[in-house]
Amino acid sequence: MPTESLDTTSVFSAPTAHDSRRRRANVPEDVVTKGNSRFGDLTVLLISEDEEEAFRISLLLPIPFVRSMVWHRNPGEAGPFLAVCRGPMCVLVGRSAPGARPTETVRRLRRAAPHAALVVLAADTASTAVIAPGEGAAHAYVDGRCVDPEKLCGVMRRALRRRHKETATATTEANALIVRDSLTLERGLLPVPALRGNDFSAAVRYEPGRAHALLSGDFYDVVQLEDSSVHVILGDVSGHGAAEAALAVQLRVAWRTALLCGKTQLEQLGLLEKILIGERPDGDTYATVISLVFPPGGASMRAVSAGHSGLLLRRAGELRWVEPRTGTALGLFPGQADWTETELELLPLDRVVVFTDGLSEGRTEPSARLGEDGLLRLATRYSHLPSQEFVDALVGGVASMAAPFGGLADDVAVLHLGWNPPTSPLPR
């Protein structure tokens, strides 16, 4: 029968009946496992219809593997063993029953033990069954008649290493796919400001503190309604894990839904608190939130704060700190809402900057944080910059100051908001 390269299954030329009469060679156990400690608890499974062949093969294996070797006549008989066996395994495929197809035996073993290394035993390579690529484990050949136990162990070792490499590669690819899917899902959950025209601008910077993530416990949204009023939410769920990020998404979506259903600012916060209490990962989780409304005309802004920090007001190239009346954070004392509206007068070209506390709590010394005063001083350095450049410079400046002390340890979200001047009509 013609032979061809077996990309995935090792082949070993088994000894003949005459060879079986030889005494066992003293083969060290690490002949198979040397160079890879993962195979120290190796299980050897022999599939063969020939009892004499099983005896001959046992003479070629190191004593520790003979003691742990399991022999079954066919894959069906070995099924219960394969279902419970864990750890590294090398399956030796010997003689099949008359009429049985060796290729089918390998296929069945591959389905039952996908992580095992397979070595096909044959009297010589010319009688080796042709196994299609992808149906076995690693690839190695021992040409001609072979009764050297070290050669069998060498084939097993190469098969195990190849199989381990293929398994590791498959695991890496699967993990990469999971990461890509996760990032795609997170990207789809990020908010997109829903503005109806060019009369209002919203510059945003969003920096999750979690590595390799796009979402965090900070959340925000910007929506302009049909009456041209612009509504903004910015919040910070306590904690930094995936559960907090998921809760933040729920709160953001719930806020937009409540807004589109006509709920007032206070009603919106009441609804968000109920959702937070029902969905939070533990009883200590809470959220600080600030809700803003910019009525049409640009002369004022209404703010409602639930435990959130103050905001920055940019006016005529200067910045000042504004502290709206602050109520209780969501979920901190359920049912004891004390939120009130604060109205702030705005002048043309005024800009409002709101942010989560990750921006002001970055360390600037081993035992000191930037704080509100430090943030105001830093922001003043960039007061000449346009909106997005201002936001980027502010976050970058805070990160640079915190870099010698471990960098920013919390999530950061910054929104730069304001009405645009009306577009002058083109001269006729």
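So, a few notes on the structure that sits alongside this text. Because the structure is predicted, anything quoted here is derived from the model rather than measured.

**Describing the overall build of the chain**
Consideration 1: Summing up its helical and strand segments, the chain has 10 helices and 18 strands in all.
Consideration 2: By sequence separation, contacts in the chain at least 24 residues apart represent 74% of the contacts at least 6 residues apart.
Consideration 3: For the chain, the computed accessible surface area is about 20,700 Å², with 54% contributed by carbon and sulfur atoms.

**Some remarks on the sheet that holds strand S12 (residues 318-322)**
Consideration 1: Within the open sheet, the 5 strands sit side by side as S6-S18-S15-S11-S12. Their pairing is antiparallel. Two strands bound the open sheet, and with one partner strand each, they are strand S6 (200-207) and S12. Across the sheet, the axes of successive neighbouring strands diverge by a mean angle of 20°, strand direction being ignored.
Consideration 2: Taken together, the 4 bridges between strand S15 (residues 351-355) and strand S18 (residues 412-419) define a ladder with antiparallel strand orientation. Bridged to Val354 within S18 is Leu415.
Consideration 3: The strands that helix H9 (residues 371-381) touches are strand S11 (311-315), S12 and S15; relative to S12, the one it contacts most, it runs at about 160°.
Consideration 4: Against the sheet, helix H10 (residues 387-402) touches S6, S11, S12, S15 and S18, its axis set at about 20° to S6.

**Structural notes on the packing of aromatic side chains**
Consideration 1: For the coordinates displayed, the defined rule picks out 4 aromatic pairs.
Consideration 2: With 5.1 Å between their ring centres and 90° between their planes, Phe200 and Trp419 make a pair best called edge-to-face. Here Phe200 is found in strand S6, whereas its partner Trp419 is found in strand S18, with 219 residues between them in sequence. Both residues of the pair, Phe200 and Trp419, belong to the buried class.
Consideration 3: Through pairs of rings, three or more aromatic residues link up here, namely Phe200, Phe294 and Trp419.

**Here we look at the nonpolar core**
Consideration 1: Counting residues in each nonpolar core, the largest one holds 26 residues, and the members touching the most others are Leu292, Phe294, Met301, Val352, Val354 and Leu417.
Consideration 2: Per-element tally for this core: the top contributor is S18, with 4 residues.
Consideration 3: Those residues within four positions of Leu292 in sequence are excluded, and the remaining contacts are Val230, His231, Val232, Gln265, Met301, Arg302, Ala303, Val352, Val354 and Leu417.
Consideration 4: The next biggest cluster of nonpolar side chains, apart from the first, holds 20 residues, and it includes Leu247, Ala248, Leu272 and Leu330.

**Some remarks on the layout of surface pockets**
Leftover empty space is mapped by rolling, across the atoms, a probe with the size of a water molecule.
Consideration 1: By volume, the second largest pocket is sized at about 200 Å³.
Consideration 2: Around the second largest pocket, the lining is made up of 17 residues, and of these Gly298, Leu347, Pro348, Leu349 and Trp419 lie nearest the centre.

**Examining the packing of H9 against H10**
Consideration 1: Packing of H9 against H10 leaves a shortest axis separation of 10 Å and a crossing angle of 130°. What the angle tells us is that H9 and H10 run oblique. For the pair H9 and H10, the sense of crossing is right-handed. Side by side, H9 and H10 meet where Leu375, Leu378 and Ala379 of the first sit next to Phe390, Leu394, Gly397, Val398 and Met401 of the second.
Consideration 2: Classifying every residue of the contact of H9 with H10 gives 7 nonpolar, 1 polar and no charged.

**Points about the pattern of salt bridges**
Consideration 1: Within the structure shown, the criterion is met by 12 salt bridges.
Consideration 2: Across the pair Glu52 and Arg56 runs a salt bridge, and its minimum N-O distance is 3.6 Å. Of this pair, Glu52 and Arg56 are both found in helix H2 (residues 51-60), 4 residues apart, which corresponds to roughly one turn of the helix.
Consideration 3: A relative accessible area of 40% places Glu52 in the partly exposed class.
Consideration 4: Given the relative accessible area of 4%, Arg56 is considered buried.
Consideration 5: The salt bridge partner of Asp392 is Arg205, with a shortest N-O separation of 3.1 Å. Of this pair, Asp392 sits in helix H10 while Arg205 sits in strand S6, and the two are 187 residues apart along the sequence.
Consideration 6: A residue is classified by how much of its surface remains accessible, and Asp392, at 32% relative accessible area, is partly exposed.
Consideration 7: Taken together, the shared-partner salt bridges in this structure form one network comprising Glu104, Arg107 and Arg111.

**So, empty space enclosed by the protein**
Consideration 1: Counted under the stated rule, the structure contains 2 cavities of 30 Å³ or more.
Consideration 2: In this model, the largest cavity occupies a volume close to 60 Å³.
Consideration 3: Along its surface, the largest cavity is lined by 13 residues, and Pro191, Tyr206, Leu215, Asp218 and Phe219 are the ones closest to its centre.
Consideration 4: Looking at the lining of the largest cavity, the elements that each hand over two or more residues are strand S7 (218-224) and helix H7 (242-260).
Consideration 5: In terms of residues, the lining of the largest cavity owes the most to one element, H7, which gives 4 residues.
Consideration 6: Per-class residue counts for the lining of the largest cavity are 10 nonpolar, 1 polar and 2 charged.

**Notes on H2**
Consideration 1: The element H2 is extensively covered by neighbouring structure, given that 7 of its 10 residues are classed as buried.
Consideration 2: What H2 keeps buried is the set Glu53, Ala54, Arg56, Ile57, Ser58, Leu59 and Leu60.
Consideration 3: One side-chain oxygen at the N-terminal end of H2 lies 2.9 Å from the backbone nitrogen of Glu52; it belongs to Asp50.

Conventions and cut-offs
- Residues numbered from 1 in each chain as written.
- Predicted model: local features only at pLDDT ≥ 70, side-chain atom pairs only at ≥ 80, totals over all residues.
- Heavy atoms only, no water.
- Helix = DSSP H or I, 4+ residues; strand = E, 2+ residues; numbered from the N terminus.
- Contact = heavy atoms within 4.5 Å.
- Areas by Shrake-Rupley, 256 points an atom, 1.4 Å probe, with all protein chains shown as cover.
- Pairing = 2+ DSSP bridges.
- Axes fitted to C-alpha atoms, helices over the stretch in contact; angles between N-to-C directions.
- Phe/Tyr/Trp six-rings, centres within 6.5 Å; stacked < 30°, edge-to-face > 60°.
- Buried < 20%, exposed > 50% of the residue type's maximum accessible area, 1.4 Å probe, protein only.
- Core = buried A, V, L, I, M, F, W, Y, C linked by side-chain atoms within 4.5 Å.
- 1 Å grid on protein atoms, 1.4 Å probe; cavity = no way out; pocket = protein on both sides within 12 Å on 5 of 7 lines; lining within 4 Å.
- Points joined across faces, edges and corners; volume = space filled by probe spheres on them.
- Parallel < 35°, antiparallel > 145°, perpendicular 65-115°, else oblique.
- Left-handed = near helix turned anticlockwise from the far one by under 90°.
- Nonpolar A, V, L, I, M, F, W, Y, C, P; charged D, E, K, R; others polar.
- Salt bridge = Lys/Arg side-chain N within 4 Å of Asp/Glu carboxyl O.
- Polar contact = N/O pair within 3.5 Å; in protein donor to acceptor, adjacent residues only side chain to side chain.

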